[in-house]
There are 2 protein chains.
Amino acid sequence: MSPVRTPEETRMMILETALDLFHRSSFTGTSINQIVDKAGITKGALFHYFKGKNELGYAVVEECLKRQIQEHWITPLATSVDPVSDMLAILEKMSQMLVDEPHILECGCPLNNLSQEMSSRDETFRLRLLELYRDWEDAIEKSIRAGIDAGNIKEETDPQSTASAIVALLEGSIGLIKVNKDMAYVARMGQGIANFLLSLKP
Amino acid sequence: MSPVRTPEETRMMILETALDLFHRSSFTGTSINQIVDKAGITKGALFHYFKGKNELGYAVVEECLKRQIQEHWITPLATSVDPVSDMLAILEKMSQMLVDEPHILECGCPLNNLSQEMSSRDETFRLRLLELYRDWEDAIEKSIRAGIDAGNIKEETDPQSTASAIVALLEGSIGLIKVNKDMAYVARMGQGIANFLLSLKP
DNA sequence: TTGACAACATACCAACCGGTCGGTTTCTGT
DNA sequence: ACAGAAACCGACCGGTTGGTATGTTGTCAA
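Please read these numbers as outputs of a predicted model, since none were measured by experiment.

**Observations concerning helix α2 (residues 32–39) of chain B**
Residue and element names in this part refer to chain B.
Part 1 of the reasoning: Here α2 has its buried residues at I32, I35, V36 and A39. Along the long axis of α2, the arc covered by the buried residues comes to 95°, so they all point the same way.
Part 2 of the reasoning: G40 sits one or two residues past α2 and shows a positive phi near 70°.

**What about the environment of A:A89?**
Residues and elements named next belong to chain A.
Part 1 of the reasoning: Looking at the element boundaries, A89 is found in helix α5 (residues 83–100).
Part 2 of the reasoning: Relative accessible area serves as the criterion here: at 43%, A89 is assigned to the partly exposed category.
Part 3 of the reasoning: Note: C-alpha distance between A89 and E63 (26 residues apart in sequence) is 25 Å.

**Topic: the interface of chain A and chain B**
Interface size is commonly expressed as the accessible area that is lost once the parts come together.
Part 1 of the reasoning: Taken together, the contact pairs 44 residues of chain A with 44 residues of chain B.
Part 2 of the reasoning: Buried area between chain A and chain B, both sides added, is near 3400 Å², and the carbon and sulfur share of it is 53%.
Part 3 of the reasoning: Of all residues in chain A, A:Q116, A:V179 and A:R188 give up the largest surface area on contact with chain B, accounting jointly for 19% of the area buried on that side.
Part 4 of the reasoning: On inspection of chain A and its partner chain B, the count reaches 4 salt bridges.
Part 5 of the reasoning: Elements with a minimum of two residues in the side of chain A that touches chain B: α1 (7–25), α6 (110–118), α7 (123–149), α8 (159–180) and α9 (183–198) of chain A.
Part 6 of the reasoning: For the side of chain A that touches chain B, the element with the most residues is α8(A), which contributes 14 residues.
Part 7 of the reasoning: Its residues assigned to classes, the side of chain A that touches chain B comprises 12 nonpolar, 21 polar and 11 charged.

**A word on the protein's contact with DNA strand C**
Part 1 of the reasoning: Surrounding DNA strand C, one finds 20 residues, the nearest of these being A:Y49, B:V4, B:R5, B:K43 and B:K53.
Part 2 of the reasoning: Of all DNA strand C atoms lying within 4 Å of any protein atom, the proportion belonging to sugar or phosphate reaches 65%.
Part 3 of the reasoning: The contact in question runs from a phosphate oxygen of DNA strand C to an N or O atom on the side chain of A:T10, over 3.2 Å.
Part 4 of the reasoning: A distance of 2.5 Å separates a phosphate oxygen of DNA strand C from a polar side-chain atom of A:Y49.

**Here we look at the protein's contact with DNA strand D**
Part 1 of the reasoning: In the region of DNA strand D, 19 residues are neighbours, and A:V4, A:K43, A:K53, B:H48 and B:Y49 sit closest.
Part 2 of the reasoning: In DNA strand D, atoms within 4 Å of the protein come from the sugar-phosphate backbone in 61% of cases.
Part 3 of the reasoning: A distance of 3.3 Å is found between a phosphate oxygen of DNA strand D and a backbone nitrogen or oxygen belonging to A:T30.
Part 4 of the reasoning: In the environment of DNA strand D, a phosphate oxygen lies 2.4 Å from a nitrogen or oxygen atom belonging to the side chain of B:Y49.
Part 5 of the reasoning: Every element with two or more residues in the surface near DNA strand D is listed here: α3 (43–49) of chain A together with α1 (7–25) and α3 (43–49) of chain B.
Part 6 of the reasoning: Tallying contributions element by element places α3(B) first for the surface near DNA strand D, with 4 residues.
Part 7 of the reasoning: When grouped by side-chain class, the residues that make up the surface near DNA strand D number 8 nonpolar, 7 polar and 4 charged.

Parameters at a glance
- Residues numbered from 1 in each chain as written.
- Chains lettered and ligands numbered in written order.
- Predicted model: local features only at pLDDT ≥ 70, side-chain atom pairs only at ≥ 80, totals over all residues.
- Heavy atoms only, no water.
- Buried < 20%, exposed > 50% of the residue type's maximum accessible area, 1.4 Å probe, protein only.
- Helix = DSSP H or I, 4+ residues; strand = E, 2+ residues; numbered from the N terminus.
- Arc of directions from axis to C-beta.
- Contact = heavy atoms within 4.5 Å.
- Buried area = accessible area lost by both parts, 1.4 Å probe.
- Salt bridge = Lys/Arg side-chain N within 4 Å of Asp/Glu carboxyl O.
- Nonpolar A, V, L, I, M, F, W, Y, C, P; charged D, E, K, R; others polar.
- Near = heavy atom within 4 Å.
- Polar contact = N/O pair within 3.5 Å; in protein donor to acceptor, adjacent residues only side chain to side chain.

What follows is the structure, given as structure tokens:
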């Protein structure tokens, strides 16, 4: 006989519902009532686990977004000595996700969305999101260093500024794709990104 | 004796106040009352000139943002045959603006802000903002073609995808600067952008 | 079995939102 | 001079927001 109340699952359900709604409709554009309704719980439950909407947002950043960045970027690049090829493979995988779930075409990147919306409005949000970006850039930077050592990247490449530029290029691309909402544009942008990455090879 | 009522000035005051507040606090984050208060007018006046908040937003895009893109990018690049150097000059000018008015550091790009916020929520917004991006990309694309013809850009460069990537890189950079809020990071990103642009030269 | 606390549920609140509407003031064509 | 239109005012409205107060139900250790 399974228990009626499963606190951990409830909390996780709230987090994932919030993540999904924040992704589709932004943070301020999503009301607590919407989260509660879609998660199939009540306001009492939500405020039992989180002090307020902001705290829920922080938790989404720390737990959900952090894990996504980790899975998609940091882990795959951790042992890479050919980051250009490996990043192209990651992008290929993400491009496939766009084909499978076309609604993502107009949703953008959850990390970028939340950053653009909240970082100038709430300092706690900014600092937590900044940490994720730092982790992401660091992972790319280290892989570039490894790539240089392995002879897979031009020696004169500056790892730090190149890593920042790569992240900027990716986030900017997703933002533009959101506005264009067009698979042909996705292909064009993919070519632009690929050309940039390939220019780093010797 | 100057007239008490100056309709055109009133309308322009509303537009510029709205542009400034949308830039600082986003579209949904700015209330009509805030606009009205800061512009020194009343709600009646605002609704006399614009059917609603969305229509005001459309006008801000069509009149204010369009002019800004035109001034900063399209006009300077129209006659360019060395777009890399000319774009670096534009960026240098914008970087100086950041030093003069540091609050922009956390405000981001008005066009990017509005796009990320509204393009998935209102189709009219998306289409109008998309038009501005197309104009911007077209201007860069054409200047790249001219640069190739003049021998200032590598022949194998694909103008279209490169133009898209440049816009993505710029918008992504401003977005990341907003999160980092740090002049040292601005310098790092500037170096990353410059390296990318310079890689287009023969 | 029972007390204590975590895990929920629900009704309610003040503040704020975009928008309306009837009225007043200023301007302009005749 | 005067009528009618444009410009502008500000009180008001229904709806929504994040958040709270209070009550009920399930769980588990003693």
